[in-house]
Amino acid sequence: MKEEIIIAGFGGQGVLSMGKILAYSGLMDDKEVTWMPSYGPEQRGGTANVTVILSDSKISSPVLDRYDIVVALNQQSLDKFAPKVKPGGTLIFDTNGIHNRPTREDIKIYPIDAMEATLEIGNSKAYNMVVMGALLKAMQYKLPMENVIKGLKKSLPERHHKLIPLNEKAIEKGASLL
Amino acid sequence: MKEEIRLMKGNEAIAHAAIRYGCDGYFGYPITPQSEVLETLEELMPWETTGMVVLQAESEVAAINMVYGGAATGKCVMTSSSSPGVSLKQEGISYIAAASLPALILNVMRGGPGLGTIQPSQADYFQATKGGGHGDYHLIVLAPSTVQEMVDFVGLGFDLMFKYTNPVMILADGIVGQMMEKVQLPEQRPRRTEEEIRKQCPWAADGRKDGRKRNVITSLELESSKMEVINHQLQARYREIEKNETRWEEIGVEDADYLIVAFGTIARISDKARELAAEEGIKVGIVRPITLWPFPTEAVNKAARGKKGVLVVELNAGQMIEDVRLAVHDNLPVEHFGRLGGIIPSPEEVVTALKEKIINK
């Protein structure tokens, strides 16, 4: 298994921490893992992205130009990364604020209304885990849920472990969007 | 007991490794993209466990001079910074090299010149390998390409700096500083006792506790004939280091038609480019210098033999290529590809560069 994934959106949407939880889930699943952030002056409101690679074998470049899966959470990210999905690959995007939809026919496209789903759960902080749920389902659970939960526990500080049930719920909700 | 595998940023890994390898003191000053080194050390509070000193100095200049002082007493000391900060440290580094003292300096390079950008770069190759400070001196320069190597090279760096009483630099790029990967930390190496330090460093200025002859540590020698002797001693040591410590990695060199030479994370981007090129039937091999000084001249020379061309890929305008050209004597095309100012090339760009600059030329 090798999944080359980029998650891109606004700073403050939880893009980097979603990548981190994904990376930790890979770690718990005994995969080789890299997590490469677009570190920079990005802050709340700016753009942020993170490349996560999960693999059964040694990973060469942590920086890529083509991805198996692109998760785009705003128009800029969609415009930038939709053309970079490998043919046959997967594109997940949040429909909120999107006026130009992707038109490629050689990839699987999953539009999700993650914001709406998050509001239904009633905690806006769970947004990135709703997106995570959609991503995990699109990956056909190549990362088993039990290892994702272990990954969540690893990446969250102990004092936030009480939020794990909420995160689980958000992941389930996200998966139901596909 | 085997240490558990963890996920860490390169900068965090440096901090953990410093403690684990028995460092006595870290002196630093924050600068992106390596501020997590100091932050992580402050968070881990090693002064309460191993007794290691962690100090945020008032400036980079102060930090390197604290390292100079600590090293003079035989302690295992280090500092870290990024490009503009490392420029500030150069005077101190030259003094430490001249005084033949052990010290570890980490440079997590960012784009320059000047204050530049906070994005990754490899544009301090010249500074690290050819001097940086004044005078005829060399640092042992290690270039990590994985987070695990960030850990391992702290241990290796400490060993080498005491073995040769010579400063060692870990020359990393912002990518390996900022990315997270799996790491396995070493078991806790205890800090050396005062007695062990005296035994390992009989030259140390540690207070003449046993009535021994006075140890004087200085880089000043006004009598030229004596200064020449000191220089010859340094040069003899550098030849010794060249003989014993040259390190590199080769990937798929033997059956390749073309060679890429790259260091740090760029070697990994080039490795991916190698995979992509192979899909098109283009056979590429890679030499990754691990020690940038001493440079693996012979290894590059051997690897280049019989090849159709060499591409040197760097995050700069062409620095290591000078050492590659010196290594490759044959009439081979040796070309450079690099992105500048903090831009990271994709593996596809490297393949395109290989085609444009070498294959289709």
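No experiment lies behind these values; they were computed from the predicted model shown.

**Examining the overall build of chain A**
Turning to step 1, where the next piece is worked out: Check the secondary structure of chain A and you find six helices and six strands.
Turning to step 2, where the next piece is worked out: The secondary structure elements of chain A, listed N-terminal to C-terminal, are β-α-β-β-β-α-β-β-α-α-α-α.
Turning to step 3, where the next piece is worked out: By its C-alpha atoms, chain A is 40 × 40 × 35 Å across when sized along the principal axes.
Turning to step 4, where the next piece is worked out: The proportion of buried residues among the 178 residues of chain A is 56%.
Turning to step 5, where the next piece is worked out: Pairs at least 24 residues apart make up 56% of the contacts formed inside chain A by residues separated by at least 6 positions.
Turning to step 6, where the next piece is worked out: Across chain A, 22 positive and 20 negative side-chain charges occur, with their mean positions spaced 4 Å apart.

**What to know about the packing of aromatic side chains**
Turning to step 1, where the next piece is worked out: Inspection of every chain in the model, using the stated rule, returns four aromatic pairs over all chains.
Turning to step 2, where the next piece is worked out: Arranged with centres 6.1 Å apart and planes meeting at 85°, the rings of A:Tyr67 and A:Phe81 form a pair that is edge-to-face. You can see A:Tyr67 sitting in strand E4 (residues 67-72) and its partner A:Phe81 sitting in helix H2 (residues 75-81), a full 14 residues away along the chain.
Turning to step 3, where the next piece is worked out: Residue A:Phe81 is classed as buried on the basis of its relative accessible area of 6%.
Turning to step 4, where the next piece is worked out: Considering the side-chain rings of B:Tyr68 and B:Tyr95, the 6.3 Å spacing of their centres and the 85° angle between planes classify their relative orientation as edge-to-face.

**Quick notes on the domain arrangement of chain B**
All names here are of chain B.
Turning to step 1, where the next piece is worked out: Under the domain assignment used here, chain B contains domain 1 (5-198) and domain 2 (249-359).
Turning to step 2, where the next piece is worked out: Each side of the interface is counted separately: domain 1 has 30 residues, and domain 2 has 23 residues.
Turning to step 3, where the next piece is worked out: Buried surface at the junction of domain 1 and domain 2, both sides included, amounts to about 2,200 Å², of which 58% is carbon and sulfur.
Turning to step 4, where the next piece is worked out: Taken together, the links from domain 1 to domain 2 amount to three salt bridges.
Turning to step 5, where the next piece is worked out: Note that Arg 268 is salt-bridged to Glu 181, the shortest N-O span being 2.7 Å.
Turning to step 6, where the next piece is worked out: Run the count over domain 1 and domain 2 and you get 17 residue pairs in polar contact (both at pLDDT 80 or more).
Turning to step 7, where the next piece is worked out: When residues of the side of domain 1 that touches domain 2 are traced back to their parent elements, those giving at least two are helix H6 (125-129), strand E6 (140-142), helix H7 (147-163), strand E7 (168-173) and helix H8 (174-178).

**Notes on the pattern of salt bridges**
Turning to step 1, where the next piece is worked out: Scanning the entire structure with this criterion turns up 32 salt bridges over all chains.
Turning to step 2, where the next piece is worked out: A salt bridge links A:Glu120 to A:Lys173; the nearest nitrogen and oxygen atoms lie 2.5 Å apart. Of this pair, A:Glu120 sits in helix H3 (residues 114-121) while A:Lys173 sits in helix H6 (residues 164-175), placing them 53 residues apart in sequence.
Turning to step 3, where the next piece is worked out: A:Glu120 gets classed as exposed once you look at its relative accessible area, which sits at 51%.
Turning to step 4, where the next piece is worked out: By relative accessible area, A:Lys173 is classed as partly exposed at 24%.
Turning to step 5, where the next piece is worked out: Each member of the salt-bridge network shares a partner with another, and the members are A:Lys2, A:Glu4, A:Asp68, A:Lys86 and B:Lys272.

**As for the interface of chain B and chain A**
Turning to step 1, where the next piece is worked out: Taken together, the contact between chain B and chain A spans 28 residues of the former and 27 residues of the latter.
Turning to step 2, where the next piece is worked out: The contact between chain B and chain A buries some 2,100 Å² in all, and 62% of this surface belongs to carbon and sulfur atoms.
Turning to step 3, where the next piece is worked out: Its largest share of buried area at the contact with chain A, chain B owes to B:Leu7, B:Met180 and B:Lys182, together 30% of the area lost on that side.
Turning to step 4, where the next piece is worked out: A salt bridge links B:Lys182 to A:Glu32, with the nearest nitrogen and oxygen atoms 3.8 Å apart.
Turning to step 5, where the next piece is worked out: Counting across the chain B and chain A interface gives eight residue pairs in polar contact (both at pLDDT 80 or more).
Turning to step 6, where the next piece is worked out: When residues of the side of chain B that touches chain A are traced back to their parent elements, those giving at least two are strand E1 (5-9), H8, strand E8 (180-184), helix H11 (265-279) and helix H14 (347-359) of chain B.
Turning to step 7, where the next piece is worked out: Element by element, the count of residues in the side of chain B that touches chain A is highest for H11(B), at six residues.

The rules behind these values
Residues numbered from 1 in each chain as written. Chains lettered and ligands numbered in written order. Predicted model: local features only at pLDDT ≥ 70, side-chain atom pairs only at ≥ 80, totals over all residues. Heavy atoms only, no water. Helix = DSSP H or I, 4+ residues; strand = E, 2+ residues; numbered from the N terminus. Buried < 20%, exposed > 50% of the residue type's maximum accessible area, 1.4 Å probe, protein only. Contact = heavy atoms within 4.5 Å. Lys, Arg positive; Asp, Glu negative; His and termini not counted. Charge placed at Lys NZ, Arg CZ, Asp CG, Glu CD. Phe/Tyr/Trp six-rings, centres within 6.5 Å; stacked < 30°, edge-to-face > 60°. Domains from an automatic or database assignment. Buried area = accessible area lost by both parts, 1.4 Å probe. Salt bridge = Lys/Arg side-chain N within 4 Å of Asp/Glu carboxyl O. Polar contact = N/O pair within 3.5 Å; in protein donor to acceptor, adjacent residues only side chain to side chain.

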